[in-house]
Amino acid sequence: MNLKENMINIKNELSMNEFQNQVEDVLIRHKSILDIITKLEEYTARINRAVIKSATSCGCIKITAKKQNYNLDSLEEIKNNLESHVEGELCPGCKEILEEEIGAYLFYLAALCNTFDVDISDAILKEYNNIKTLGIFSLK
Ligand SMILES: [Zn+2]
């Protein structure tokens, strides 16, 4: 089995519980809640930085922000007319960097969950049920 096939197999089989358990097994240096919380902040900034550098340094995307139009008749109509303000797509290099930052963020999010005995799958499931029940009216 080559590396790509192995990655696909892992991707299909990895559960959030396994990820959370693996984080528990390997977290040593930043075990303190103070380290975990500040690492989450650091990786939030690094995710933002990766997006900004894609526009300002690489140039594979362009961000053209303007006021959103909420002056429409229905939520469905508003939803269909909202813009991300992103033009273009991340190049493979920028996407790889963004994935790395998101992965590190998820590592410390799982560590936070472990500290307080929160099952990350339960948190995802509760949020999923919430947005599924409220649908467009969750207003997120
Ligand atoms: Zn790029």
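Residues numbered from 1 in each chain as written. Predicted model: local features only at pLDDT ≥ 70, side-chain atom pairs only at ≥ 80, totals over all residues. Heavy atoms only, no water.

Looking up the protein chain in an unreviewed UniProt entry gives the name DUF1573 domain-containing protein, with the organism given as Keratinibaculum paraultunense.

**Q** Tell me about the packing of helix α3 (residues 33-58) against helix α5 (residues 92-115), and please be specific about residues and values.
**A** Each pair of packed helices can be summarised by the angle the axes make with each other and by the distance between the axes. Interhelical geometry of α3 versus α5 gives an angle of 165 degrees and a closest axis separation of 9 Å. Judged on the interaxial angle alone, α5 and α3 are roughly antiparallel. In terms of crossing hand, the pair formed by α3 and α5 is left-handed. Taken together, the residues that form the contact of α3 with α5 break down as 19 nonpolar, 3 polar and 3 charged. (Axes fitted to C-alpha atoms, helices over the stretch in contact; angles between N-to-C directions. Helix = DSSP H or I, 4+ residues; strand = E, 2+ residues; numbered from the N terminus. Parallel < 35°, antiparallel > 145°, perpendicular 65-115°, else oblique. Left-handed = near helix turned anticlockwise from the far one by under 90°. Nonpolar A, V, L, I, M, F, W, Y, C, P; charged D, E, K, R; others polar.)

**Q** Quick one: what's the story with the pattern of salt bridges, residue by residue and with numbers?
**A** Two side chains bearing opposite charge may form a pair once their charged atoms approach each other closely. Per the stated rule, a full pass over the model turns up 5 salt bridges. Its salt-bridge partner being Arg46, residue Glu42 comes within 3.6 Å of it at the nearest N-O pair. Here Glu42 pairs with Arg46, and both are found in helix α3, just 4 residues apart, close to one helical turn. Using a relative accessible area of 31% as the deciding quantity, one classes Glu42 as partly exposed. Residue classification places Arg46 among the partly exposed positions, given a relative accessible area of 36%. Via salt bridges that share partners, Lys39, Glu42, Arg46 and Glu101 belong to a single interconnected network. (Salt bridge = Lys/Arg side-chain N within 4 Å of Asp/Glu carboxyl O. Buried < 20%, exposed > 50% of the residue type's maximum accessible area, 1.4 Å probe, protein only.)

**Q** Kindly report on the coordination of the zinc ion, identifying the contributing residues and their values.
**A** Of the protein atoms, only Cys58 (SG), Cys60 (SG), Cys91 (SG) and Cys94 (SG) coordinate the zinc ion, at distances of 2.3 Å. Around the zinc ion sit 4 donor atoms, and with donor-metal-donor angles ranging over 103 to 118 degrees the site reads as tetrahedral. Within one chain, the residues serving as donors to the zinc ion are arranged as C-x1-C-x30-C-x2-C. With Cys60 in the loop between α3 and β1 (61-63) and Cys91 in the loop between β2 (86-88) and α5, the pair connects residues that are 31 residues apart, well separated along the chain. Owing to a relative accessible area of 23%, Cys91 belongs among the partly exposed residues under this scheme. (Donors = N, O, S within 2.8 Å, 3.2 Å for Na, K, Ca; no water. Tetrahedral: all angles 85-135°; square planar, octahedral: opposite > 155°, others 65-115°.)

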